[in-house]
Structures are given as structure tokens and as C-alpha cells.
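Chain residues, written in single-letter form:
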Amino acid sequence: MELLYLKTFCELVKWGNYTRTAQALDYAQSSVTNHIQRLEQLYGGKRLFQRKGNTVILTPIGEKLLPYARQMIDLQQQARQALSIEDLEPSVLTIGTIESLSLYYLPGIMAQFRQQYPHIQVKIVLDQEQQLIRRLREQELDIALILDTPYQARDITSIALFPVEMKVVIYPEHTLAQRSSISAGDLHQQPLILTEEGCTYRAYLIQKMKEQEQISQIYLELGNIESIKQAVAKQWGIAFLPQFVLHQEEAYSGLNILPWKEEDPQLYSQILYRAERPLSSIAADWVTLCRANPTVAVL
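Residues numbered from 1 in each chain as written. Predicted model: local features only at pLDDT ≥ 70, side-chain atom pairs only at ≥ 80, totals over all residues. Heavy atoms only, no water.

Undergrad: Residues and numbers for the overall build of the protein, please.
TA: Within the protein, the regular secondary structure consists of 11 helices and 12 strands. Once the C-alpha set of the protein is aligned to its principal axes, its extents read approximately 65 × 50 × 30 Å. Put simply, the protein has 299 residues, and 46% of those count as buried. Looking at the protein alone, contacts between residues at least 24 apart form 75% of all its contacts between residues at least 6 apart. Accessible surface for the protein amounts to roughly 15500 Å². Of this, 47% is attributable to carbon and sulfur atoms. Averaging the coordinates of the 28 positive side-chain charges in the protein and doing the same for the 33 negative ones gives two points 7 Å apart. (Helix = DSSP H or I, 4+ residues; strand = E, 2+ residues; numbered from the N terminus. Buried < 20%, exposed > 50% of the residue type's maximum accessible area, 1.4 Å probe, protein only. Contact = heavy atoms within 4.5 Å. Areas by Shrake-Rupley, 256 points an atom, 1.4 Å probe, with all protein chains shown as cover. Lys, Arg positive; Asp, Glu negative; His and termini not counted. Charge placed at Lys NZ, Arg CZ, Asp CG, Glu CD.)

Given below as C-alpha cells:
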């Protein structure tokens, strides 16, 4: 991970501007800032850059670090060439995930990964969570990316990326649309538009309503998030979706997005991989990118 930060550091020295650096690396500007802050923490909290007009320049500490950073990056490149790493490493990285994360989180990660490994084919496998875990155990997947409560199993390593907040999505004309928040009781016998069985947050909602003796009336099941949004906009019912899939909808008044009043379901996006088998360096670098960019990019 430190090497990733050093690469960002060297690019910022080259461009002297956070915006230009982010464009050159195809990162969000916040990622560049995060990488520099993490690097400063690793080196005793010393500032590496200072502002000069519209640019940033190295501090004396940054000047001392620069030749070592360049040397470390050069050594990595030399090591890869010496070991013919393209021949030693697998040429395909197989990642299993769910539809929501594939659409709203993975694109930003993959843009960065392709810069580092343009020769690697990435295969994205979409499936329900339990099937993803089974396929991970059966070595059909290198990594699984799921959305659930913190996952624990002896044979699987789990890394939490970001917490997932749930929202209720209603069309503006609905009688509940002006509520400040929505509870399970409010959804009693309301037509619900939900994801398919096997979805973690669908199961949470139905269980929560059952605990409160509320009837969950599932009007429509859809496996595609965008189709669910469109169905709500057509006034077919009410949806229950993660906040991170709704960034675009917040920019206009086509749908009402209301807070969930019940307790936090404590859902997290998580990386899973087999504990007994070390990740390849390529898979490990992919995990490093995710951990360095734990928040979801707004599309």
C-alpha cells in the first residue's frame, strides 16, 4: 500500500497540482489527497507539500523523501522485469460480486487497476451472496465483494470497506412522501418493489416487518437496481435501497429518498478471500486499491 502512495506522491511532484494529478492517474481528487495524508502519517506526521499560489511544492521533508520514493518505484519495476512477472502471475483476475456494487463501486476501482495492470483480464461474476461465498470456497473466484453484516468464518478473510446506509424510495405523489423518515410500520401492506431473494437488505426488511407483525406486500421483484428506480418513478410501489446507489437521484426531484427510521442494520461492503491461500500479487494490489479508496464514487 505504501508503494501506491509513493507513486501518487511522485505524480503530485510532477504536476504540482492535485487536480492535474488526479486526472493523470484517473483518480478522484479526494483519493490523491487521501494517499498523501496516509503517506504523511507513515512518516511521522510531517508535511510533505506546501502551497505556493495555485500549485504545491515540496517541503524540506518532501525533498528528502523524493529520491527514495523514485528509487523504490524503480526497484519494483526492475523486480517485475527480472522475474518476468507477467509469465508467473495469472493473466485473469476473477471477482465475484452483487449487482449494486458492480454498478456503483467497481467502475472507479477498475479504472485505477487498468492503469497498473493493462495486460490483466478482469472477469466480473454476478451472483447472490451465498453463491459467491460457495464459489469462493470452491476456488472459482479469487475475491468476492459482498454487502452484509460483518462476515466471519475461519476459512475466509473479510475486510470491511464502507458502511451502507439504507433508504426508502417513494414517488413524490405518495401519501408517505412528505414524511421525515419511514419505519417498518409505515410499510404495512404497501406495494413493495424489491430485489430478488438472496439479497441481504431485502431479507432484513422482510424480517423487520415480520418482527413487528406487519404484512410485507411484495408487488414486484427485480434483479436490476435501475429497473427498481424506474418502477418507483412510474408509481408502481416503494423501494428499499442502499444510499450509495441513489446519488444521482438526489440531484433532482424525480423520487423522494427518505431515511430509514429503524435501527441501523449494520451492513458493510466487504472484500472476502480464502484465508488458507495467499493472494497473488495482482489480487493483493486490487485489494490495496479498494482499501485506499473505501468510499463509493458518485457517478
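Let us keep going from here.
Undergrad: Go over unusual backbone geometry, please, and point to the residues and values.
TA: Residue Gln-189 is not a glycine yet carries a positive backbone phi of 60 degrees. For Gln-189, the position within the fold is in the loop between strand S7 (166-170) and strand S8 (191-194). On the basis of relative accessible area, Gln-189 is assigned to the partly exposed category, the value being 46%. For Glu-213, which is not glycine, the phi dihedral falls at a positive 55 degrees. With respect to the helices and strands, Glu-213 occurs in the loop between helix H9 (200-211) and strand S9 (217-221). Look at Glu-213 and you get exposed, because its relative accessible area is 71%.

Undergrad: Help me get a handle on the sheet that holds strand S10 (residues 238-242), residues and values and all.
TA: Taken in spatial order, the five strands make up an open sheet running S9-S8-S10-S7-S11, and their pairing is mixed. Strands with a single pairing partner mark the edges of an open sheet, and in this sheet they are S9 and strand S11 (256-259). Averaged over all pairs of adjacent strands, the angle between strand axes in this sheet comes to 35 degrees, irrespective of strand direction. In the sheet, S8 pairs with S9 via four bridges, with the strands oriented parallel. Its bridge partner being in S9, Leu-192 is matched across the sheet by Ile-218. With respect to the sheet, helix H10 (residues 225-233) is in contact with S7, S8, S9 and S10, its orientation differing from that of S10 by roughly 145 degrees. (Pairing = 2+ DSSP bridges. Axes fitted to C-alpha atoms, helices over the stretch in contact; angles between N-to-C directions.)

Undergrad: Please provide a residue-by-residue account of the nonpolar core, values included.
TA: Formed by 92 residues in total, the largest nonpolar core has its most connected members in Phe-9, Ile-271 and Trp-286. Ignoring any residue separated from it by four or fewer positions in sequence, one finds Phe-9 in contact with Ile-36, Leu-39, Leu-48, Phe-49, Leu-58, Gly-62, Leu-65, Leu-66 and Ala-69. (Core = buried A, V, L, I, M, F, W, Y, C linked by side-chain atoms within 4.5 Å.)

Undergrad: Before we move on, can you summarise the packing of aromatic side chains with the specific residues and values?
TA: Tallied over the entire structure, the rule returns seven aromatic pairs. Plain terms: the ring middles of Tyr-105 and Phe-162 are 5.5 Å apart, the flat faces sit at 50 degrees to each other, and that makes the pair tilted. Taken together, the positions of Tyr-105 in the loop between helix H6 (99-104) and helix H7 (106-116) and Phe-162 in strand S6 (residues 156-164) put the pair 57 residues apart, joining distant regions of the chain. You'll find Tyr-105 and Phe-162 in the same group, each marked buried. One aromatic cluster in this structure is built from Tyr-105, Phe-162 and Phe-244. (Phe/Tyr/Trp six-rings, centres within 6.5 Å; stacked < 30°, edge-to-face > 60°.)

Undergrad: Outline the packing of H7 against helix H11 (residues 281-292), supporting the account with residue identities and numerical values.
TA: Running from N to C, H7 and H11 point in directions that differ by 135 degrees, and their axes come no closer than 10 Å. With respect to their mutual orientation, H7 and H11 come out oblique. The chirality of how H7 crosses H11 is right-handed. Across the interface between the two elements, Leu-106, Ile-109, Met-110, Gln-112, Phe-113 and Gln-116 from H7 touch Ile-282, Asp-285, Trp-286, Leu-289 and Cys-290 from H11. (Parallel < 35°, antiparallel > 145°, perpendicular 65-115°, else oblique. Left-handed = near helix turned anticlockwise from the far one by under 90°.)

Undergrad: Explain H9 residue by residue, including any values.
TA: With 12 residues, H9 should reach 16 Å at 1.5 Å per residue; the first-to-last C-alpha distance of 17 Å fits that figure. After H9 finishes, the residue Glu-213 shows a positive phi value of roughly 55 degrees. (Expected span 1.5 Å × (residues − 1).)

Undergrad: Account for the packing of helix H2 (residues 18-25) against helix H3 (residues 29-42), with residues named and values stated.
TA: Contact geometry of H2 with H3 gives a least axis separation of 8 Å together with a crossing angle of 105 degrees. Comparing the axis directions of H2 and H3 gives the class roughly perpendicular. Residues Tyr-18, Thr-19, Thr-21 and Ala-22 of H2 pack against Gln-29, Val-32, Thr-33 and Ile-36 of H3. Residues belonging to the contact of H2 with H3 are distributed by class as follows: four nonpolar, four polar and no charged. (Nonpolar A, V, L, I, M, F, W, Y, C, P; charged D, E, K, R; others polar.)

Undergrad: An account of the environment of Arg-135 is requested, with residue identities and associated values reported.
TA: Locating Arg-135 in the fold gives a position in helix H8 (residues 129-137). With near-sequence residues (within four places) excluded, Arg-135 lies in contact with Val-125, Asp-127, Glu-140 and Leu-141.

Undergrad: Explain the side chain of Ser-183 to me, and be specific about the residues and the numbers.
TA: Take Ser-183: it is sitting in the loop between S7 and S8. For Ser-183, the residues in contact, after removing those within four places along its chain, are Trp-260, Lys-261 and Glu-262.

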